[in-house]
Amino acid sequence: MSRKTIFYIIFFSLLVVAFYAVLINVIPGFTKSKLPPISHVQPFSFTNQDGKIVTQKDVAGRVYMANYFFTTCKSICPRMNNEVKKIYQHFKTENDFLILSHTSDPGTDSAAKLKQYADSIGVTTPNWIFLTGRKDSLYRQARLSYRIDDPNNNVKNIDDDFLHTQFLALVNKKGEVVKIYDGLRQTEINELIKDAEKLLKE
């Protein structure tokens, strides 16, 4: 191989490296693999623990985590919300991060009941919102928007349907569900916190 050929190989190799370096600096997230979102959050309207209506417009432009529980649950819900509380404590002063905890049992969990529950676990800021509403709307949101339960789990009679899941959905500022986490696993809670921090910077 001639010296001229070697020179051209080195020259073009350096040119490619320089071009790649420029792309990294000019295009944010150029080196990150972009996976399509799991789903897009559909319009909703629920009532929070203070009796106020909360819609998708109230969370627009913010990062949030969504989950489902019910106040009389004695199994996975207390364990899950103990983990969710760690997320709450971490982002307690972050106005652009919210937690939306929907009830699976709106027949029992009125706004007043949710307020009592929020007070009992020490929620003192508006960052953690507890929601109730129509059962069919709540369940549709869990299955079709947040994808934390199989859409095929619904039954013909909504009165016979019941949703019980430990999974958490992380939503970006565009209203896209980007990832699902197991709310009973400490490692996944830590991962959610790190992922949410990245989304807040975008």
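Provided above is the structure to which this section pertains.
All residue numbers refer to positions counted from 1 along the written sequence of the respective chain. Totals for whole chains, interfaces and linings use every residue, but because this is a predicted model, local features are given only for residues with pLDDT of at least 70 and side-chain atom pairs only at 80 or more, for both listing and counting. The side-chain quantities take in all heavy atoms of the structure and omit both hydrogens and water.

Whenever Lys or Arg places a side-chain nitrogen within 4 Å of a carboxyl oxygen from Asp or Glu, that contact is recorded as a salt bridge. All chains considered together, the criterion is met by nine salt bridges. The partner of D182 in a salt bridge is R185, and the shortest N-O contact between them spans 3.5 Å. Overall, the relative accessible area of 48% leaves R185 in the partly exposed class. It is possible to trace a salt-bridge network through shared partners that takes in D50, K115 and D119. For every residue, the accessible area (1.4 Å probe, protein chains only) is compared with the maximum for its type, and the residue is labelled buried under 20%, exposed over 50%, or partly exposed between those bounds.

Two rings belonging to Phe, Tyr or Trp (six-membered ring only in the last case) form a pair when the distance between their centres is within 6.5 Å. Interplanar angles under 30 degrees mark stacking, angles over 60 mark edge-to-face geometry, and anything in between is tilted. On inspection of all chains with the given rule, the structure shows nine aromatic pairs. Taking 5.7 Å as the distance between ring centres and 15 degrees as the angle between the ring planes, the aromatic pair formed by F44 and F46 counts as stacked. In terms of burial, F44 and F46 fall into one category: buried. Each member of the aromatic cluster is reached from another via a ring pair, and the members are F69, Y88, Y117, W128 and F130.

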